[in-house]
Each structure stands twice: as structure tokens, then as C-alpha cells.
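# Summary of the model geometry
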Amino acid sequence: MVKEYFGLLFLVAISLAVFTAARFFMVSWIGERVTADMRQSVYAHVLTQSPQFFETVKTGEVLSRLTTDTTVIQNVVGSSISMGLRNTVIGLGAVGMLIATNPRLMITVLFIIALVSFPP
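Reference entry: report on the structure contained in this document. (Residues numbered from 1 in each chain as written. Predicted model: local features only at pLDDT ≥ 70, side-chain atom pairs only at ≥ 80, totals over all residues. Heavy atoms only, no water.)

## Points about the packing of helix α1 (residues 2-47) against helix α3 (residues 59-101)
Contact geometry of α1 with α3 gives a least axis separation of 9 Å together with a crossing angle of 155 degrees. Judged by the angle between their axes, α1 and α3 are roughly antiparallel. By crossing handedness, the relation of α1 to α3 is classed as right-handed. Among the residues making up the contact of α1 with α3, the classes are represented as 12 nonpolar, 10 polar and four charged. (Axes fitted to C-alpha atoms, helices over the stretch in contact; angles between N-to-C directions. Helix = DSSP H or I, 4+ residues; strand = E, 2+ residues; numbered from the N terminus. Parallel < 35°, antiparallel > 145°, perpendicular 65-115°, else oblique. Left-handed = near helix turned anticlockwise from the far one by under 90°. Nonpolar A, V, L, I, M, F, W, Y, C, P; charged D, E, K, R; others polar.)

## A short note on α1
With 46 residues, α1 extends 67 Å from end C-alpha to end C-alpha; this agrees with the ideal 68 Å at 1.5 Å per step. Inspection of α1 places Val27, Gly31, Thr35 and Val46 among the buried residues, and these make up the whole buried set. On its buried face, α1 is in contact with α2 (51-56) and α3. (Expected span 1.5 Å × (residues − 1). Buried < 20%, exposed > 50% of the residue type's maximum accessible area, 1.4 Å probe, protein only. Contact = heavy atoms within 4.5 Å.)

## Details of a nonpolar patch on the surface
Taken together, the side chains of Phe25, Met26, Trp29, Ile30, Val34 and Ile73 define a hydrophobic patch exposed on the protein surface, amounting to about 610 Å² of accessible area. If one sorts the elements of the nonpolar patch by residue count, α1 sits on top with five residues. Among the secondary structure elements, Ile73 is positioned in helix α3. For Ile73, a relative accessible area of 31% gives the class partly exposed. (Patch = residues over 30% accessible without salt bridge, like charges linked within 9 Å, V, L, I, M, F, W, Y side chains within 5 Å. Areas by Shrake-Rupley, 256 points an atom, 1.4 Å probe, with all protein chains shown as cover. Salt bridge = Lys/Arg side-chain N within 4 Å of Asp/Glu carboxyl O.)

## Some thoughts on the environment of Thr70
For Thr70, the location among the structural elements is in helix α3. Residues Thr70 and Thr56, spaced 14 residues apart in sequence, show a C-alpha to C-alpha distance of 23 Å. Leave out the neighbours within four places in its chain, and Thr70 touches Thr35, Met38 and Arg39. In this structure the side chain of Thr70 is engaged in a polar contact, spanning 3.0 Å, whose partner is the side chain of Arg39. (Polar contact = N/O pair within 3.5 Å; in protein donor to acceptor, adjacent residues only side chain to side chain.)

## Considerations on the pattern of salt bridges
Taken as a whole and judged by the stated rule, the model has two salt bridges. Taking the shortest distance from any N to any O, the salt bridge between Arg33 and Asp37 comes out at 3.1 Å. Here Arg33 pairs with Asp37, and both are found in helix α1, just four residues apart, close to one helical turn. Look at Asp37 and you get partly exposed, because its relative accessible area is 41%. A salt bridge links Arg65 to Glu61, with the nearest nitrogen and oxygen atoms 2.8 Å apart. In this pair, Arg65 and Glu61 are both assigned in helix α3, four residues apart and thus about one turn of the helix distant. With relative accessibility at 53%, the residue Arg65 sits in the exposed group.

Set out below in C-alpha cells:
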């Protein structure tokens with residue numbers, strides 16, 4: 001009996017690891033594609049600028065800003081959104097389970113979270 005439950009628990013752990021790795025790979029790939037497309041369109045736009053633009057703005061400054069901004073966007077699209085959505089789903093599931101199992105405890109938890117989260 002214990003062997004069967006342990007085997008099921010092991011399968012759940014393996015499937016969780018595989019799906020987490022797949023999610024991370026896909027979200028990272030999407031972030032890299034968005035960043036690459038954005039860089040390509042911005043470079044194309046910079047090439048269409050007039051010579052007067054490059055007399056007032058240094059080329060290195062434009063490239064530095066582009067590199068920095070696209071890196072930030074890649075981090076947001078690549079991992080932050082995914083982690084935020086995952087934590088939101090987990091949080092809503094936890095609240096739902098807490099309401100289902102003990103509504104009085106849920107009211108207490110919400111009160112404590114409100115006290116901690118919102119400053120006086």
C-alpha cells in the first residue's frame with residue numbers, strides 16, 4: 001500500500017518537474033522572440049533617421065538605451081509575467097481551499113493580511 005502511494009507521489013513529482021521545465025522553456029523562448037522582433041524593428045527605424053538626428057543624438061547613446069530597455073522587457077516578458085500568473089493562480093487556489101475548509105480561519109487570515117499589507 002505504501003509502495004503504491006510512494007510511486008504515485010514520485011510520478012506527480014516527475015510530471016511537475018517536466019511541466020515546470022516546459023513552461024520555463026516556452027516562456028523564455030517567447031521572451032527572446034519578442035525582444036528579437038523589437039530590436040529588429042527599432043534598428044530598422046533607427047536606420048531611417050535623417051543625418052540631423054545623428055548630429056544631435058550620439059549613436060552609442062541610442063544603442064545603449066536600446067540594449068538596456070530590451071533587456072528589461074525580455075526579463076519582464078520572459079519570467080516576471082509567468083511567475084506572477086503562477087503565483088496568482090496558486091494564491092487563488094489557496095484562498096479557495098481555505099474558504100472551503102475553514103471560513104472562520106479565512107476571515108482571520110484576511111484581517112491579518114490587511115493589517116500587514118496596508119500601512120496606517
